[in-house]
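Chain and residue survey
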2 protein chains.
Amino acid sequence: MGGRKVPDVVVRRLPLYLRVLEELDVEETPIISSHELGEQSGVTPGQLRKDLSFFGVFGKQGVGYNTLYLREELRRILRLNQQVNVGLVGVGNLGMALIHYHKPKEDPNGIGLRLVAAFDIDPQKIGKRISDVPIYSVEKLPEVIRQLNISIIILAVPAEVTEDIFRRCIESGVRAFLNFAPGKLSAPGHVRVHATDVTLELESLAYYR
Amino acid sequence: MGGRKVPDVVVRRLPLYLRVLEELDVEETPIISSHELGEQSGVTPGQLRKDLSFFGVFGKQGVGYNTLYLREELRRILRLNQQVNVGLVGVGNLGMALIHYHKPKEDPNGIGLRLVAAFDIDPQKIGKRISDVPIYSVEKLPEVIRQLNISIIILAVPAEVTEDIFRRCIESGVRAFLNFAPGKLSAPGHVRVHATDVTLELESLAYYR
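Residues numbered from 1 in each chain as written. Chains lettered and ligands numbered in written order. Predicted model: local features only at pLDDT ≥ 70, side-chain atom pairs only at ≥ 80, totals over all residues. Heavy atoms only, no water.

**Things to note about the interface of chain B and chain A**
In this assembly, 60 residues from chain B lie in contact with 59 residues from chain A. Buried surface at the junction of chain B and chain A, both sides included, amounts to about 5700 Å², of which 62% is carbon and sulfur. Across the contact surface, chain B and chain A share four salt bridges. Of the charged contacts, one joins B:Glu201 and A:Arg12 as a salt bridge, the two residues approaching to 3.4 Å between their closest N and O atoms. There are 15 residue pairs in polar contact (both at pLDDT 80 or more) connecting chain B and chain A. Considered class by class, the residues forming the side of chain B that touches chain A number 33 nonpolar, 15 polar and 12 charged. (Contact = heavy atoms within 4.5 Å. Buried area = accessible area lost by both parts, 1.4 Å probe. Salt bridge = Lys/Arg side-chain N within 4 Å of Asp/Glu carboxyl O. Polar contact = N/O pair within 3.5 Å; in protein donor to acceptor, adjacent residues only side chain to side chain. Nonpolar A, V, L, I, M, F, W, Y, C, P; charged D, E, K, R; others polar.)

**Remarks on the sheet that holds strand S2 (residues 59-60) of chain B**
By way of backbone hydrogen bonds, the strands of a sheet pair with one another, either parallel or antiparallel. All names here are of chain B. Read from one edge to the other, the open sheet built from three strands follows the order S1-S3-S2, with strand pairing classed as antiparallel. Each of the sheet's edge strands pairs with one partner strand only, and the pair in question is strand S1 (31-32) and S2. Judged from the two bridges that link them, S2 and strand S3 (residues 64-66) form a sheet pairing that is antiparallel. Directly across from Gly59, in S3, lies its bridge partner Tyr65. Against the sheet, helix H4 (residues 67-77) touches S1 and S3, its axis set at about 75 degrees to S3. (Pairing = 2+ DSSP bridges. Helix = DSSP H or I, 4+ residues; strand = E, 2+ residues; numbered from the N terminus. Axes fitted to C-alpha atoms, helices over the stretch in contact; angles between N-to-C directions.)

**Quick look at the relation of the copies chain B and chain A**
Turning chain B through 180 degrees and shifting it by 0.0 Å along the axis lays it on chain A, with an RMSD of 0.0 Å. Between the two chains, the operation in question is that of a two-fold axis. Residue by residue, 98% of the interface of chain B is reproduced at the interface of chain A, so both copies engage with the same surface. (Least-squares fit on C-alpha atoms with pLDDT ≥ 70 in both.)

**Describing the packing of aromatic side chains**
Under the counting rule described, the total for this entry stands at eight aromatic pairs over all chains. Over the aromatic face of B:Tyr208 sits the side chain of A:Arg192, whose NZ or CZ is 4.7 Å from the ring centroid. (Phe/Tyr/Trp six-rings, centres within 6.5 Å; stacked < 30°, edge-to-face > 60°. Lys NZ or Arg CZ within 6 Å of the ring centre and 35° of its normal.)

**Focus on the packing of helix H2 (residues 34-41) of chain B against helix H3 (residues 45-53) of chain B**
All names here are of chain B. Their axes nearest at 8 Å, the elements H2 and H3 cross at an angle of 100 degrees. Of the possible angle classes, the one that applies to H2 and H3 is roughly perpendicular. Residues Ser34, His35, Leu37 and Gly38 of H2 pack against Pro45, Leu48 and Arg49 of H3. Looking at the contact of H2 with H3 residue by residue, the class counts come to three nonpolar, three polar and one charged. (Parallel < 35°, antiparallel > 145°, perpendicular 65-115°, else oblique.)

**So, the confidence of the model for chain A**
For residues with low pLDDT, the predicted coordinates do not support detailed interpretation. Of the residues in chain A, 94% reach a pLDDT of 70 or more, and the chain-wide mean stands at 90. Scoring the predicted complex yields pTM 0.83 and, for the interface, ipTM 0.89. (pLDDT = per-residue confidence, 0-100.)

**Overview of the domain arrangement of chain A**
Here the domain parsing of chain A yields domain 1 (8-77) and domain 2 (83-203). Centre-to-centre separation of domain 1 of chain A and domain 2 of chain A, based on C-alpha positions: 29 Å. (Domains from an automatic or database assignment.)

**Here's the deal with helix H3 (residues 45-53) of chain A**
Residues and elements named next belong to chain A. Looking at H3, one finds that the buried residues are Leu48, Asp51 and Leu52. Along the axis of H3, the buried positions cluster into a sector of 95 degrees, meaning they face one direction only. Close packing links the buried residues of H3 with helix H1 (8-23), helix H2 (34-41), strand S3 (64-66) and helix H4 (67-77). (Buried < 20%, exposed > 50% of the residue type's maximum accessible area, 1.4 Å probe, protein only. Arc of directions from axis to C-beta.)

The following block contains the structure:
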């Protein structure tokens, strides 16, 4: 991971570019211009070129990017060129929705994101499977995280227990979190938390209504 | 609304500042420095000052911001100094979670965000109330949007029907959307869509694990 200094806003745009590239038919579009890729991703060509320049040189001036090559490179940069195991803590309504609607698309080659485990405190749920995802007791977090090599945790638990679960996951070596509970988690420097806060989203939307 | 040219990233940070200010005890902290407010919001003092400068002059050089005044001003800028009615389309697992966990905190003075209606196609749900939020038939969208003066819509429906519901809401005058379905909605210029895409979030997190 050479790119420690890459701004987070840049890292957050890479999956957008990857998605556009993945939706392209490589036979039809073997080469794509920064103008076209930028437009489909919702950024200017300059922004796209600047973002990619953090990671090296990928296109030829006046020619464009090799679709297949840039796709592979983005997967490599995002470390999605291997299986990335994800765990979900909290199988309430939100957790259920995440399992059903947002279960990461699994790659036939076994690479990319894979939701491999969910955790809950409800004995009625523990031991069951939902959409093929096994549900474990929250007590087993450290053990299952290590056994299944889980590197990203989704927190979908009530706000009052989030901090505690968060700490236990960090102690088990997890460094990347997606948090759905309201409120800010104070993370050590090596830990990354992306938060989805619906109230903040709605408040910024109020400006545009 | 004078601030048409304000970048969206700036608008998205305003609710963060507002939240920090709302959590302050005004008696204890009647004045806050840009350093302190920036730190608590997770931005540099320079960024904070630059963001606020889009909307006027709020602090005194070397003194800081009047907590109460800046709070009121941010509410006014975000148009949260009045009741803002929000509707939710889709009362599946995700919709339920949104009603339960993210029901906007209601202000005793009746200002700010208020989830006033939910919509679904399930006859078992229509006519009921969940956490005091009435559930209407999706058929009644245009009618209820107008009657209740709904200005923000949360889309929590399956991807394949999102586009259709989205169009019907726009036709009823809604200009601000929070979309939870995967995929990009193509919006006319006057319509704002903020999207929460779990897969994209997880993909950017893979970089940090």
